[in-house]
Amino acid sequence: MPKERSRFVCQACGAVTPKWLGRCEACGEWNSIIEETRPVLPAGNGGGLVFVDLAGEDAPVARVATGIAELDRTLGGGFVPASAVLIGGDPGIGKSTLMLQAAAALARQGKRVLYISGEESPAQIRMRARRLGLQDSPLQLAAATALAEIAPTLAATSEAALVVIDSIQTLRHDALDSPPGSLTQVRACGMELVKLAKNGGFALTLVSHVTKDGTLAGPRALEHMVDAVLYFEGDRGHQFRILRGVKNRFGATDEIGVFEMTERGLAEVANPSALFLAERRGNIAGSAVFAGLEGTRPVLMEVQALLAPDSGGSPRRSVLGWEPGRLAMLLAVLEARCGLKFSGQDVFLNIAGGLKVNEPAADLAVAAALISAASGTPTDAGAVFFGEVGLSGEIRQVAQVEARLKEAAKLGFRSAFLPRRLARGNRAAAPPEGFALTEIGHLSDLLAKLGVRS
Ligand code: TYD
Ligand code: MG
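Residues numbered from 1 in each chain as written. Chains lettered and ligands numbered in written order. Predicted model: local features only at pLDDT ≥ 70, side-chain atom pairs only at ≥ 80, totals over all residues. Heavy atoms only, no water.

1. As for the sheet that holds strand S16 (residues 345–351)
Working step 1: With mixed pairing, the 7 strands of this open sheet are ordered in space as S15-S16-S14-S13-S17-S20-S21. For this open sheet the edge positions go to strand S15 (317–320) and strand S21 (436–440), each flanked by a neighbour on one side alone. With direction set aside, neighbouring strand axes in the sheet form an average angle of 25°.
Working step 2: Sheet topology places strand S14 (residues 297–309) next to S16; 7 bridges connect them, and they run antiparallel. Counterpart to Gln 304 in the pairing with S16 is Asn 350.
Working step 3: Across the sheet, helix H9 (residues 363–375) touches strand S13 (287–294), S14, S16, strand S17 (383–385) and strand S20 (415–419), and the angle it forms with S14 is around 30°. (Pairing = 2+ DSSP bridges. Helix = DSSP H or I, 4+ residues; strand = E, 2+ residues; numbered from the N terminus. Axes fitted to C-alpha atoms, helices over the stretch in contact; angles between N-to-C directions. Contact = heavy atoms within 4.5 Å.)

2. Remarks on the pattern of salt bridges
Working step 1: In this structure the tally under the stated criterion is 15 salt bridges.
Working step 2: Arg 326 is the salt-bridge partner of Asp 363, the closest N and O atoms lying 2.7 Å from each other. Here Asp 363 is found in helix H9, whereas its partner Arg 326 is found in helix H8 (residues 324–338), with 37 residues between them in sequence.
Working step 3: Several salt bridges share partner residues, and in doing so they unite Glu 70, Arg 73 and Glu 255 into one network. (Salt bridge = Lys/Arg side-chain N within 4 Å of Asp/Glu carboxyl O.)

3. Digging into the sheet that holds strand S9 (residues 228–234)
Working step 1: Across the sheet, 9 strands lie side by side as S6-S5-S7-S8-S4-S9-S10-S11-S12; this open sheet has mixed pairing. The sheet is open, and its two borders are formed by strand S6 (140–143) and strand S12 (265–268), each paired with just one other strand. When strand polarity is set aside, the average angle formed by the axes of neighbouring strands in this sheet is 25°.
Working step 2: Judged from the 6 bridges that link them, strand S4 (residues 84–89) and strand S8 (residues 203–209) form a sheet pairing that is parallel. Residue pairing for S8: Gly 88 is matched across the bridge by Ser 208.
Working step 3: Most of the contacts of helix H5 (residues 183–200) go to S8, to which it runs at about 160°, and overall it touches S4, strand S7 (160–166) and S8.

Rendered as structure tokens:
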């Protein structure tokens, strides 16, 4: 008989400690640590690991492409048989819609696809499918929440290409007392289903809700046991949605797929830059277009800045779609190195359209928008901006200059403000034809080039 040994697991973040604590040292949550017992392997089981050479050949990973290009690309080319994908996102963002569209598309290709919902009845799913024009797809539906029902069915199913579980938070493992959606349940059910996918050779998709602050226990605990993690993001007030790959054992991470939520479901957006810039008005002070990069994909978006006299007390710094800390740094650099004054003013910064930008390359566009707002001088409406700003005001290199310029040229922009280009080999690559480049070494150059005196 293996001996039982206990350990203490934080139910909020999954951290394991050898003793009970009132507060988890890893995530800071109070009263979240619970004792769990786990069996200990008996010693001396024989071993017998077989090692192989690193240089060995393998067959290329087979892919099951849905035909929805934005999804396939984010997955790295399609679903991989015998692997598990986690799709996380806020409730109501469109996870079920996306998975229904993907599952129905695969089923239409003649593949066996199972859609198991713990949230909606087949009647509700059929209603949605009709609205999406998918009702003729030979997709197989079931409503279930008991793992005791689902697991044996999947174990006995052969030849399924894709199994969708919507959502992992609704499943219940009968051996556990904790409620559905709790960390223990989510982890146990996830583990069981992933094992079934590996054995059964089907691609498994686990849909999982995340709350705004990411506090829900489930997804974090699942991330390490699945092969790929995609997050579906977007602002409910806006129509477009971003599917972002944050982990992928079979492909590149940081890929994005862009969709638009319409009355007839999610439509692919092949040209996101055009969508993000659709409502831009030229000739307004405080706006600058950033030539950004999402994964391998260049995306243009508008940065908007607004200054207002502060209403007393400490001035407000309000940021949407960018890091507040980075805005504070840029304001400090603009004050210290360029002599601009922002104290006594409220500063509002917005990445138009609801996109979230993580790239430091956005610094130069944000600086341009701020300078433009402070001086009341619009930036050149035909120009894009990119470059990282350092603490002394210097403009630093960023990756993929050519891809950014090409995207800008494609959308009709005619010039770019960018870091000094380092010649690679003999010379820097030529810009697209008819495209003017303004190289910026320091923020004060940017002020001068925008026609603002510091
Ligand atoms: P849903 O896929 O149910 O979200 P999740 O599974 O992530 O909770 O999407 C729900 C929202 O999408 C809902 O508010 C209505 C909207 N929607 C559309 O706008 N058009 C459509 O065709 C569908 C099916 C949903
Ligand atoms: Mg749903």
